[in-house]
Amino acid sequence: MEPRGRLVVMISGFGSNLQAILDACREGRLWAEVVLVVSNRRDAYGLIRAARAGVPTLYFPLRPYRERGLDRIAYDQDLADQIAPYRPDLIVLAGWMHILSSAFLDRFPGRVINLHPALPGMFPGRDAIRRAFEAYRRGEISCSGCMVHYVTPEVDAGPVLVQAEVPLYPEDTLERFEARMHEAEHRILVEGIRRALERLRSCEP
Ligand code: GRF
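Predicted model, so just to flag it, every value in this text is computed and none were measured.

1. Considerations on the site of the ligand
So, step 1. The full set of residues close to the ligand is Phe-14, Gly-15, Ser-16, Asn-17, Gly-95, Leu-115, Pro-117, His-182 and Glu-185.
So, step 2. Take Phe-14: an N or O atom from its main chain is 3.4 Å from an oxygen atom of the ligand.
So, step 3. Here an oxygen atom of the ligand and a side-chain polar atom of Ser-16 are 2.6 Å apart.
So, step 4. Breaking the shell around the ligand down by element, the ones donating at least two residues are α1 (16-26) and α7 (174-203).
So, step 5. By residue class, the composition of the shell around the ligand is three nonpolar, five polar and one charged.

2. Some points on the pattern of salt bridges
So, step 1. Counted under the stated rule, the structure contains twelve salt bridges.
So, step 2. With a shortest N-O distance of 2.9 Å, Asp-81 and Arg-107 are connected by a salt bridge. Of this pair, Asp-81 sits in helix α4 (residues 72-83) while Arg-107 sits in the loop between α5 (102-105) and β5 (112-116), placing them 26 residues apart in sequence.
So, step 3. For Asp-81, a relative accessible area of 41% corresponds to the partly exposed category.
So, step 4. The residue Asp-127 makes a salt bridge to Arg-130 at a minimum N-O spacing of 3.0 Å.

3. Considerations on the environment of Glu-191
So, step 1. Along the polypeptide, Glu-191 turns up in helix α7.
So, step 2. Along the backbone, Glu-191 and Ala-51 are 140 residues apart, and their C-alpha atoms lie at a distance of 24 Å.

4. Comments concerning the nonpolar core
So, step 1. Residues Leu-7, Val-9, Ile-21 and Ile-193 are the most contacted members of the largest nonpolar core, which totals 48 residues.
So, step 2. Counting residues per element, this core draws most heavily on α7, which supplies ten residues.
So, step 3. Once you skip the residues sitting within four places of it in the chain, Leu-7 turns out to touch Ile-21, Leu-30, Ala-32, Glu-33, Val-34, Val-35, Leu-36, Leu-90, Ile-193 and Leu-197.
So, step 4. One finds Met-10, Ile-83, Leu-93 and Leu-100 within the second-largest nonpolar core, a separate group that totals 23 residues.

5. Quick notes on the pairing of strand β2 (residues 32-39)
So, step 1. Of all eight residues that make up β2, seven are buried, and the element is covered over most of its length.
So, step 2. Tracing the backbone out of strand β1 (residues 5-11), into α1 and back to the parallel element β2 gives a crossover that is right-handed.
So, step 3. Bridge count between β2 and strand β3 (residues 57-59): three bridges; the pairing is parallel. Of the residues in β3, the one forming a bridge with Ser-39 is Tyr-59.
So, step 4. Following the backbone out of β2, through helix α2 (residues 45-52) and into the adjacent parallel β3, one traces a crossover that is right-handed.

6. With respect to the packing of α1 against α2
So, step 1. Relative orientation of the contacting elements α1 and α2 amounts to 20°, with a least axis distance of 9 Å. For the element pair α1 / α2, the angle class is roughly parallel. In the packing of α1 onto α2, the handedness of the crossing is right-handed. For the pair α1 and α2, the contacting residues are Ser-16, Leu-18, Gln-19 and Leu-22 in the first and Gly-46, Arg-49 and Ala-50 in the second.
So, step 2. For the contact of α1 with α2, the per-class residue count stands at three nonpolar, three polar and one charged.

7. A word on the environment of Ser-12
So, step 1. Position of Ser-12 relative to the elements: it lies in the loop between β1 and α1.
So, step 2. Distance from Ser-12 to Asp-127, taken between C-alpha atoms, is 14 Å for residues 115 residues apart in sequence.
So, step 3. In contact with Ser-12, other than residues within four places in its own chain, are Ser-39, Asn-40, Arg-41, Ala-44, Gly-95, Trp-96 and Met-97.

8. Topic: the packing of aromatic side chains
So, step 1. All chains considered together, the criterion is met by six aromatic pairs.
So, step 2. Pairing Phe-60 with Tyr-65 gives two aromatic rings, centres 6.0 Å apart and planes at 50°, and the pair type is tilted.
So, step 3. One aromatic cluster is present, formed by Phe-60, Tyr-65 and Tyr-75 through successive ring pairs.
So, step 4. The lysine or arginine in question, Arg-4, covers the ring of Trp-31, its NZ or CZ lying 4.1 Å from the ring centre.

Rules used throughout
- Residues numbered from 1 in each chain as written.
- Predicted model: local features only at pLDDT ≥ 70, side-chain atom pairs only at ≥ 80, totals over all residues.
- Heavy atoms only, no water.
- Near = heavy atom within 4 Å.
- Polar contact = N/O pair within 3.5 Å; in protein donor to acceptor, adjacent residues only side chain to side chain.
- Helix = DSSP H or I, 4+ residues; strand = E, 2+ residues; numbered from the N terminus.
- Nonpolar A, V, L, I, M, F, W, Y, C, P; charged D, E, K, R; others polar.
- Salt bridge = Lys/Arg side-chain N within 4 Å of Asp/Glu carboxyl O.
- Buried < 20%, exposed > 50% of the residue type's maximum accessible area, 1.4 Å probe, protein only.
- Core = buried A, V, L, I, M, F, W, Y, C linked by side-chain atoms within 4.5 Å.
- Contact = heavy atoms within 4.5 Å.
- Right-handed = clockwise from strand over helix to strand, strands pointing away.
- Pairing = 2+ DSSP bridges.
- Axes fitted to C-alpha atoms, helices over the stretch in contact; angles between N-to-C directions.
- Parallel < 35°, antiparallel > 145°, perpendicular 65-115°, else oblique.
- Left-handed = near helix turned anticlockwise from the far one by under 90°.
- Phe/Tyr/Trp six-rings, centres within 6.5 Å; stacked < 30°, edge-to-face > 60°.
- Lys NZ or Arg CZ within 6 Å of the ring centre and 35° of its normal.

Printed below as a string of structure tokens:
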């Protein structure tokens, strides 16, 4: 049998998407294991989820670099150095709120994927869910969605692995729309990881 895919998951907050990955691995829906969870925020609840699941964690903040007058490239290089020993098949950005430069991405070519709560080309950057909800209210869109894509230096863009539409309804509140979005995200993230691992396996000699 194939060895399980080795996942490094990077988070900055609540970690519900991390939990979806951990659950899928535990229940055998995803032939993978999370070998490390990285957070750039100490208070990220996802770190508690990781610890509960017995997964090693790494808290790696940008602030000490800023304080020493070092740039993001230095941070990205050191971050890659910390992650490389875990030999990840895939690095999954699941609510990771820091833009990674080529200094990081070039160390793991074709192995970094991101979850974004909008469809390709729509609402890149922060607060995509709220911005989509407001655009719907203004009558500018009738539907939003989410995607899992390979990471390039361009923010929330790059070849798409899987995407799903998430409808908006007139009676929606932001909270209801958000809940529907997260449900879709948890589903496509697992599917996106599965597809990316399959691609890697099919490229193996
Ligand atoms: C998700 O909506 C993700 O798409 C966005 O941040 C949110 C993270 O949620 N980038 P969680 O921390 O996984 O609960």
